[in-house]
Amino acid sequence: MPLRFVEPATVAEASAILRAEPDSKVISGGTAVVLMLRQRLIDPSILVSLSQIPGLARMSLVDKWLRIGALTSLQDIAEGAESRMYASGLADACGHVGNVRVRNRATIGGNVAEADYASDPPAVLVSLGARVCAETADAPPRHIPAADFFADYYTTTLATDEIVTSVEIPIVTGRRSVYQKFRSRSSEDRPCVGVAASACFNASGLVSALEVVVGAVAATPQRLSPSVTQSVIGSRLGGDVIATIAAEASRAIKPIGDARGSSWYRSQIIEVMVRSALSGLTQ
Amino acid sequence: MSYVSNHRVPGQLEAKVVRSPYPHARIVAVDAERAGRVPGVVAVLAGADVLSDGRQSPVFGRLRSDQPILAYDRVRYAGEPVALVVGTSLAAVEAARSLVDVQYEVLPHVVDAVEAGTASAPQLHREWPGNGCGEWAMRIGDMGAGWREADIVVEGTYYSPPASHVPMEPHCCVSAWEGERLHVITTTQAPHRVRQDLETIFRLAEGQVRVETFDLGGAFGAKGQTLIEPMAAFASRVTSRPVRIELDREEVFLTIGKHAATVRLSTGARRDGTLVARRIEVVYNAGAYALSSPHASGQGLVRSPGPYRIANVEARSVARYTNTVPTGPFRGAMTSQLAFAYESQMDEIAAALSMDPVAIRRRNLLCDGDVYATGERLHDLHYEQLLNGAASAIEWGENEPASSRGRSRGKGIALIIKTTLTPSRSEARLELQPDGRVTIWCSGVELGQGARETFARMAAAALDMEDGSMLVARPDTDVTPFDSSTSSSRTTASMGAAIAAAAADLRLKLTQMAAVELRVPEASIVHARGAVLVEGQGLPVTYAQIREGVGAPVVGEGHYQSEGGLSTMNPLDVHGTTTVHWHQGAAAAEVEVDRETGRVTVLRCHGGAYAGRAISPHRVRQQNQGSVIFGLGQALMEEVVYRDGVPANPNLAEYMIPSILDVPMVSSQSVESDDPEAEPHGVGEMALPAVAPAIGNAIFAATGVRLRRLPFTAERVLRALRGMDDLEPPVAAPPP
């Protein structure tokens, strides 16, 4: 069956196609979908392009949220003034994906919808308490916390007819966020381990909030348990505290093994990279 | 530039290959009925169709006719072509490809070449028991005396994994029958070889096959042999239509790769660092079909002792069939695997004797007049200069790198020796055009190395004309004369010699014509700047004017032919002239190792080659840079991983090659002969085999750990730093 390519003009129209044609697949930048097509991992009969839907490539501040339209390219997020100001860890992560040619095509909506375990942005979105906005033809938009959005390898909690229209990040005054990526092979490789960390500090420089999320080591981003991150509230984020958290992260997370590193190796790297990311927060 | 993959012919059909999912299986049945019903599908062909159509040989292979055009009876590797779907559009054949129903009975398989040599290993070819695919040996001196003389003996086993050439352009071929003649346009480094092979397969007289090739988007050895052309030609014969096959990236991984190799090396040395004995055992993994392996394993044998004076050497080199992708020459052919062994071990010997790695090499370097393990007396050697150049490029012994917190720096050096294709033949024809320009007719292939510009430069120099007055014809076996292949770094030397001879012949003819025209003795005619002059007389007569006066083409012909080589020798007692000249290369590297993660960053890397008479210093530099970057991949990240006998990472998301961000500061040395008339040496792969051992030696210098298995992945380095066992090949694909 020849593959059909459709370009609906509205989200509602696109969603209606997804509902009517279960064998359809949404495409935005195409950096993931085209690869999967070429490797014959997917075999859809219709590609539903979002490229003609207006207004999905904007970044804006809405109430206390930074809303990033689903079609915003990763490169625009990496360089954007708002993203750098309110979600610098996300900007860092987007700037580490693939290479500039990929980043210019790949979109944030496509990135989250693909739910590739070995991708950079998802861990940061979880660490920042971001939410994914999904829309259909008729129902009101649904906001899904990033922590609940990624369900398994290449699997999200999106319904078949839901389309990601934006990713929203809460604006938290004084919050710092970082993302650090470890590549075990080429400089354009996916992460072997990616660590997202965010923290708030009080006037005396003591931790008032902390999140650590490790990406690319399991089916979904691995959030370090609040029992660990909460325990350092009121402490200074110094060498000993950092070392304890890093060791705890390495102990608590049971990583997978793949071509970028065995489970044993990832455990070693998680400790190194959590330490490095937390040090990054203090600089 | 034009590429075969951009070429279309009227009325052409597209074809896609159905490939075996199993490494070793009996083909029980091929059901093409559903696939054949897809609109646009013209034919679905399987091995049985080749067998029943008796007009061609069902199998092919230059050295051993062991590879089926399409598999019948048995498949011997995962990825082997089992059927070919031919149709009017790519979409149709793509859709139909998945509908071809092949039933298999799975057989036990073997992936490792050492294991393939054991008594209980699955056998791939009835005609070749023990999975033998080449066996060679040589011996010089008295091993017993050598070992007795040694104060220390260092032993080690060094493993290089299978790898993929990854040319940017995949293989592509368009085939058409024109009556009883076969016309093939294909991505090949050896158009005349492909012509000969197709003539043999399709039982045609010499010249009944025409092979053209365009510019290649990279080759690195992947396009040196007949591969997809027989399939396309068979399909074209059955359908009476032109048939085009273009591989996708995954299929390139499944069509040809690099020989994995296990090299066991024992070397005896005196306390002062003098090497006195060396035993070498090489096992190359040939993959499922022979291609060039029966011969190439012999080339490996000759190159295995390394560029050192060792009086007592015993070497054995075998290639074995396994249920893996067939292998062929890979830039630095057969040599990288050896250099990784002998240059890693050289530093191990130095460490055991507390000697400086440069000093121990200097003590043992081959020099003019030395006798090599083949018994050949060597000349035109330049290792001293290459070693000095490599050492100074990384400031050896000075500015010793400081190791900072958690990071260690070190430097390493390596040298290599390599033979070139011998015997071989190159022919060239230079034709003076009416406008005074000269067309170079030859079958040398432009594969990105600048062959065309090199040919123009050499012809222009020989004729004392401008480069811009040279036209270089595209290889087309109907009109461009014979050439063995554009490989083995032979083209500049051998085609260069043929072009020089053709230029001399053209001048001779012009001299004769001018002498008649001007009524002067031939001896009084001199050539300068595309014209002839009579000594002591008036105005020059241009070549164009002579051509006009003759009113017919003026053609000069020349050839180069080398003699000798391995095929004239007893394979188990190799002795004699194995090569027309010796390729010499060097590399040096400085690395930084992150002791917490094992990640190796190459800070600077140097490539050096002996160029003889360099035709273009710029292109020598580019080749050295290319060798360094290419070698970086094999050193740090490239490996085709087999899981249950199936290549598990046949794509560029999972098989890594270096990105531009991985490229260190690169330096280049072109060692050139003092003799302005010296023969040029090819430089396309001289530095490459030295890159991985130079990096391995630098890692050792930085950390004290010695890695005897490539690539030096971060995890492998970290395990070594922690004193853990070496890693098995990694799990390849992401979880389902």
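These figures come from a predicted structure and were not determined experimentally.

**Some remarks on the overall build of chain B**
For step 1, the next point in the chain: Secondary structure assignment for chain B yields 18 helices and 30 strands.
For step 2, the next point in the chain: If you line up chain B on its principal axes, its C-alpha atoms span 80 × 75 × 50 Å.
For step 3, the next point in the chain: Considering only contacts in chain B between residues 6 or more positions apart, those separated by 24 or more positions represent 79%.
For step 4, the next point in the chain: Summed over all atoms, the accessible surface of chain B reaches about 26,200 Å², with 51% contributed by carbon and sulfur.
For step 5, the next point in the chain: Distance between charge centroids for chain B: 2 Å, based on 70 positive and 85 negative side chains.

**Some details on the packing of aromatic side chains**
For step 1, the next point in the chain: Using the criterion set out here, one finds 13 aromatic pairs over all chains in the structure.
For step 2, the next point in the chain: Relative to B:Phe202, the ring of B:Trp177 lies with its centre 5.5 Å away and its plane at 75 degrees, an arrangement referred to as edge-to-face. One end of the pair, B:Trp177, is in strand β11 (residues 172-178); the other, B:Phe202, is in the loop between α6 (191-201) and β13 (209-212), with 25 residues separating them in the sequence.
For step 3, the next point in the chain: Taking the relative accessible area as the measure of exposure, B:Trp177 reaches 17% and is therefore buried.
For step 4, the next point in the chain: Between B:Phe330 and B:Phe630 the ring centres are 5.6 Å apart and the planes differ by 50 degrees, which places this aromatic pair in the tilted class. Of this pair, B:Phe330 sits in the loop between β17 (312-321) and α10 (335-352) while B:Phe630 sits in helix α16 (residues 617-636); the two residues are 300 residues apart in sequence, bridging distant segments of the chain.
For step 5, the next point in the chain: Under the relative-accessibility criterion, B:Phe630 is labelled buried at 13%.
For step 6, the next point in the chain: Taken together, the aromatic side chains of A:Phe182, A:Trp264 and A:Tyr265 make up a single cluster linked through ring pairs.
For step 7, the next point in the chain: Residue placement shows B:Arg331 over the ring face of B:Phe630; its charged tip is 5.3 Å from the ring centre.

**Re the pattern of salt bridges**
For step 1, the next point in the chain: Applying the stated criterion across every chain yields a total of 62 salt bridges over all chains.
For step 2, the next point in the chain: Across the salt bridge formed by A:Arg185 and A:Asp189, the nearest N and O atoms sit 2.8 Å from each other.
For step 3, the next point in the chain: Look at A:Asp189 and you get buried, because its relative accessible area is 0%.
For step 4, the next point in the chain: When the shortest N-O distance is used, the salt bridge between B:Arg619 and B:Glu453 registers 2.8 Å. Remark: B:Glu453 occurs in helix α13 (residues 451-463) and B:Arg619 occurs in helix α16; sequence separation between them is 166 residues.
For step 5, the next point in the chain: On the basis of relative accessible area, B:Glu453 is assigned to the exposed category, the value being 52%.

**So, the interface of chain A and chain B**
By a widely used convention, the size of an interface equals the accessible area lost when the partners come together.
For step 1, the next point in the chain: Each partner contributes residues to the interface: chain A has 29 residues there, and chain B has 30 residues.
For step 2, the next point in the chain: Between chain A and chain B, a total of about 2,400 Å² is buried, with carbon and sulfur atoms accounting for 53% of that surface.
For step 3, the next point in the chain: Inspection of the region where chain A meets chain B yields 4 salt bridges.
For step 4, the next point in the chain: For the salt bridge of B:Asp248 with A:Arg40, the shortest nitrogen-to-oxygen distance reads 4.0 Å.
For step 5, the next point in the chain: The element that contributes the greatest number of residues to the side of chain A that touches chain B is helix α12 (residues 263-281) of chain A, accounting for 6 residues.

**Side note on the confidence of the model for chain B**
Residues and elements named next belong to chain B.
For step 1, the next point in the chain: When the pLDDT values of chain B are averaged, the result is 95; 98% of them are 70 or greater.
For step 2, the next point in the chain: In this model, residues 731-736 is a region of pLDDT below 50 whose contacts with residues beyond four sequence positions or in other chains number 21 contacts.
For step 3, the next point in the chain: Quick note on the complex model: pTM equals 0.96, ipTM equals 0.95.

**A word on unusual backbone geometry**
Residues and elements named next belong to chain B.
For step 1, the next point in the chain: Residue Pro-423 is bonded to the preceding Thr-422 through a cis peptide linkage, with omega at -5 degrees.
For step 2, the next point in the chain: The phi angle at Asn-131 is positive, at roughly 60 degrees, despite the residue not being glycine.
For step 3, the next point in the chain: As for its placement among the helices and strands, Asn-131 is situated in the loop between α4 (113-116) and β9 (132-140).
For step 4, the next point in the chain: In this structure, Leu-291 takes a positive phi of about 45 degrees despite not being glycine.
For step 5, the next point in the chain: Mapped onto the elements, Leu-291 comes out in the loop between β16 (275-287) and α9 (293-303).
For step 6, the next point in the chain: Relative accessible area serves as the criterion here: at 9%, Leu-291 is assigned to the buried category.

**What about the domain arrangement of chain A?**
For step 1, the next point in the chain: Partitioning chain A into domains gives domain 1 (4-49), domain 2 (59-170) and domain 3 (176-281).
For step 2, the next point in the chain: Distance between the C-alpha centres of domain 1 of chain A and domain 3 of chain A: 35 Å.

**Notes on the nonpolar core**
All names here are of chain B.
For step 1, the next point in the chain: Ranked by size, the top nonpolar core spans 108 residues in total, and within it Ile-413, Leu-636, Ile-695, Ile-699 and Phe-712 carry the most contacts.
For step 2, the next point in the chain: In terms of residue count, helix α17 (residues 688-703) provides more of this core than any other element does, 9 residues in total.
For step 3, the next point in the chain: Both domain 1 (13-107 + 167-219 + 223-255) and domain 2 (260-421 + 569-721) contribute no fewer than three residues apiece to this core.
For step 4, the next point in the chain: Those residues within four positions of Ile-699 in sequence are excluded, and the remaining contacts are Val-591, Val-593, Val-600, Gly-704, Val-705, Leu-707 and Phe-712.
For step 5, the next point in the chain: Counting 36 residues, the second-largest nonpolar core is a separate cluster that includes Cys-173, Val-184, Val-209 and Phe-234.

Reading the values: rules and limits
- Residues numbered from 1 in each chain as written.
- Chains lettered and ligands numbered in written order.
- Predicted model: local features only at pLDDT ≥ 70, side-chain atom pairs only at ≥ 80, totals over all residues.
- Heavy atoms only, no water.
- Helix = DSSP H or I, 4+ residues; strand = E, 2+ residues; numbered from the N terminus.
- Contact = heavy atoms within 4.5 Å.
- Areas by Shrake-Rupley, 256 points an atom, 1.4 Å probe, with all protein chains shown as cover.
- Lys, Arg positive; Asp, Glu negative; His and termini not counted.
- Charge placed at Lys NZ, Arg CZ, Asp CG, Glu CD.
- Phe/Tyr/Trp six-rings, centres within 6.5 Å; stacked < 30°, edge-to-face > 60°.
- Buried < 20%, exposed > 50% of the residue type's maximum accessible area, 1.4 Å probe, protein only.
- Lys NZ or Arg CZ within 6 Å of the ring centre and 35° of its normal.
- Salt bridge = Lys/Arg side-chain N within 4 Å of Asp/Glu carboxyl O.
- Buried area = accessible area lost by both parts, 1.4 Å probe.
- pLDDT = per-residue confidence, 0-100.
- Domains from an automatic or database assignment.
- Core = buried A, V, L, I, M, F, W, Y, C linked by side-chain atoms within 4.5 Å.

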